[in-house]
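Descriptive analysis of the structure
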Amino acid sequence: MNLFPPDSTQPRNPVQKERRADNRPPDYIETAAVPGVASVTQLIAKLSEYLTPAELKKVKEAYRFSDEMHLGQVRKSGEPYISHPIAVAEICAEWKLDAQAIMAALLHDVIEDQDVKKDELIERFGAQVANLVDGLSKLEKIEFQSQLEAQAENFRKMLLAMASDVRVILIKLADRLHNMRTLGFMVPAKKRRIAGETMEVYVPIAHRLGLNNIYRELQDLAFSHLYPLRYQTLSKAIKAARGNRREVVKKIMESVKTQLASSGLQFEVDGREKTLFGIYKKMRNKHLSFSQVLDVYGFRVVVDSVPNCYVALGALHALYKPMPGKFKDYIAIGKINGYQSLHTTLIGPYGTPVEFQIRTQDMHRTAESGVAAHWLYKTGDSNLSDLQQRTHAWLQSLLDIQQQTGDSAEFLEHVKVDLFPDSVYVFTPKSKIIALPRGATALDFAYSIHTGIGDHTVGVKINNEEQPLRTELHNGDIVEILTDTESRPSPTWLSFVRTGKARSAIRHHLRTVDVNESSELGRELLAQSLAVRNIKPELPEATVAKLLAESSANTMDELYADIGIGKRMPALVARHIFGLMEGDPDLLPSHQPLPAGDVAPVTIYGSEGVAVQLAPCCLPIPGDQIIGQLRRDQGLVVHTCDCVPAKRVRAKEPDRWIAVQWGEELNRRFETRIRLLINNEKGILARVAAEIGESDANITYVGMDEDDEGTMTQLRFTIQVQDRVHLAQLIRNLRRVTGVNRVERERT
């Protein structure tokens, strides 16, 4: 990886200072015959739209100081050097970054180039501005063992600064963007080196932070300098093809607008062109010709709410026939950088593929601006706050990875290792090797990185494909963990994790965070088992004292919690209590034990939290006959009585099954799955989705599979209903929809 090359050893002129290889190498600066004039007027006009007068005054002070420090210094283009900090600040102003970030953008080179000390910046502009500038400055010139070590150390320092304040990387990306925009004045060798560094380091970081506008522009700029002839050839070809495409684009646009308007939607629709590098990459990777890539048309639809995203999807599928396997729901499961949209590819006019992205306005803002949307749109939207938190978690995880490496160079190397039969070696996206026990899962990998990452894991990509968390890892897998700050460990995770670290972390969370839920469930389960022996749940103090003395629990609440998470069997605890009472005849119950069938079942409301789970294999809903399974460290898992997987386990462990029943008042909806066999015809998805909505059910997932002949399609929906009666009515309504051949409830 071509990161930051070491600085030149040539002497520095006190007035005209050479630039370092980060983005302005030694020959980047030279004295111009007639220096131009740099103006800060446009920047101040932008800033006055959202900064206070007091903040503007501080920004002007930073500008004057930077202008004074860079006096006499010019760029290779002949412009005064101060024009560069101003341009960087203007890019930051487009994101509406705060005054401190704008000041740091104006001052970002004074430590590196003008030998201004950090203490002076602290005294003049405050500690936060000084810390930002220091984080943006490269390491002082020291002796490194190799060029690779120098590169790695500079990258390490940037990561440290990023982790403490994400504004550092935003300013750094703005700095790199302006330098790439003005890279034409460099000699060819320097252009290629800086463009390569941009493509390898800054483009991936911009993508990871969701800064898609910067990501796309940096890609194209780097491409134009790495492969100028290919860039020029593609650029001319696209300009020539635009005229031929205009009629098709216009026809698709008009049809889409008419269709969406007829569905009663408020929407915006526009065509989106692929970037030059995107076209080149697709041609190269898929061995396609230019005409084949340009035959795909892209459109973006922006609507006013999440439900209307799915309505728009149905409307578009009614307009054009969807291509099987080309639908992605990034709203239900967003990408790790915060991106959310529905993606679908349809067969448009003349048989041409048409790609659509469907999203809300907030999703569009986040998709374009990523983490910078936090400053751009201060609406109090929790999603943007979550994105900020996920970004900081990612940055912190990079530091955790770095701290586990032996030296800086190791972080950048692709290491080849000998494989041992008792271990499996997998890679992080940054090529860090993680050794895990053979049989370890993706969730074990998440906990091996950091407990916080494991606790907030919601998904995983293995070799760039989304896989279940229980997926077993193999040597050489590249694993990327998807997290959400709102997520928390599930008791079901304990059924498939392999490492002690993961198991202990999950148990710790369940015992501490969910102790109240588990304790209440355990109390009810023990009361049921005691009732079988005709023992009242209010135990005598002497019995409680003996019970706690002979167990590891300090209090009855701890004992109840252990029962609630399945660590202790309530029937065994009840038997032990009966044994303790046998030593004192006065404590023994006076009546005969009750038959098990006479004991009241445990009541289930479906809102108990992680202590009670509705089994994903059968997804029980109110009205189903249900039974409860006590699973060790997982609490109570509720199945339908006819669940096939449950029947198999019940035959092996009959003591772990208890009677449960639904409560009377259930003020929530329950998920279940249905499967439809439909004719493969235009508009069928829209009709089905509309009928589900009219039947007062919510759709949370849609999947489809086409048969080999292409005449029939199988639709799979996960829906939310009130109870079994509601589901039965919905199924009856769907069977009346034209084109629907069969509807049934789906269970695994």
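For the structure given in this document, a descriptive report is provided here. (Residues numbered from 1 in each chain as written. Predicted model: local features only at pLDDT ≥ 70, side-chain atom pairs only at ≥ 80, totals over all residues. Heavy atoms only, no water.)

1. Points about the packing of helix α10 (residues 188-208) against helix α11 (residues 212-226)
Put simply, the rule is: Where helices are involved, their axes are fitted lines through C-alpha atoms of the stretch in contact, as for all axes, and angles between N-to-C directions lie from 0 to 180°. Helix and strand definitions follow DSSP, with helices as H or I runs of at least four residues and strands as E runs of at least two, each counted in order from the N terminus. To sort the angles, those under 35 degrees are grouped as roughly parallel, those over 145 as roughly antiparallel, those from 65 to 115 as roughly perpendicular, and the leftovers as oblique. Each crossing gets its hand from how the near helix is turned against the far one by less than a right angle, where anticlockwise is left-handed and clockwise is right-handed. Here a residue-residue contact requires only that any non-hydrogen atoms of the pair lie within 4.5 Å. Here the nonpolar group is Ala, Val, Leu, Ile, Met, Phe, Trp, Tyr, Cys and Pro; Asp, Glu, Lys and Arg are the charged ones; every other residue, Gly included, is treated as polar.
Relative orientation of the contacting elements α10 and α11 amounts to 160 degrees, with a least axis distance of 9 Å. With respect to each other, α10 and α11 are oriented roughly antiparallel. Like other packed secondary-structure pairs, α10 and α11 cross with a definite hand, here left-handed. Residue-level contacts link Lys-191, Arg-192, Ala-195, Gly-196, Thr-198, Met-199, Tyr-202, Val-203, Ala-206 and His-207 of α10 to Asn-212, Ile-214, Tyr-215, Leu-218, Gln-219, Ala-222, Phe-223, His-225 and Leu-226 of α11. Across the contact of α10 with α11, the residue classes tally to 11 nonpolar, six polar and two charged.

2. A word on the sheet that holds strand β10 (residues 479-483)
Spelled out, the test is: Here, a strand pair is defined by DSSP locating no fewer than two bridges between the strands.
One open sheet accounts for three strands, arranged β9-β8-β10; its pairing is antiparallel. Here the strands that pair on one side only, and so sit at the sheet edges, are β9 (465-467) and β10. Strand after strand, the sheet turns through a mean of 35 degrees between neighbouring axes, direction not considered.

3. Some details on helix α3 (residues 83-94)
For an α-helix, 3.6 residues make a turn, and residues three or four places apart therefore share a direction. The condition is simple: To estimate the expected span of a helix, count its residues, drop one, and scale the result by 1.5 Å. Relative accessibility decides the category of a residue: with a 1.4 Å probe and only protein chains considered, values under 20% of the type maximum give buried, values over 50% give exposed, and everything between is partly exposed.
Here α3 spans 17 Å end to end across 12 residues, near enough to the 16 Å set by a 1.5 Å rise per residue. By the burial criterion, the buried members of α3 are Ser-83, His-84, Pro-85, Ile-86, Ala-87, Val-88, Ala-89, Glu-90, Ile-91, Cys-92 and Ala-93. If you follow the buried residues of α3, they end up packed against α1 (41-47), α2 (53-69), α4 (99-106) and α9 (167-181). Immediately beyond the C-terminal end of α3, within one or two residues, lies Lys-96, with a positive phi of roughly 60 degrees.

4. Things to note about the environment of Leu-177
Its location among the elements puts Leu-177 in helix α9. Given the relative accessible area of 1%, Leu-177 is considered buried. Sequence-wise, Leu-177 and Val-88 are 89 residues apart; in three dimensions their C-alpha atoms are separated by 8.2 Å. Discounting residues that sit within four places of it in the chain, Leu-177 has contacts with Ile-91, Ile-214, Glu-217, Leu-218 and Leu-221.

5. Structural notes on the sheet that holds strand β1 (residues 267-271)
Strand order in the open sheet formed by five strands is β1-β2-β5-β4-β3, with mixed pairing between adjacent strands. Of all the strands in the sheet, the pair left with one neighbour each is β1 and β3 (321-329). When the angles between neighbouring strand axes are averaged without regard to direction, this sheet yields 20 degrees. Of the strand pairs in this sheet, strand β4 (residues 342-347) and strand β5 (residues 353-360) are connected by six bridges, and their pairing is antiparallel. Within β5, the position partnered with Leu-342 by the bridge is Ile-358.

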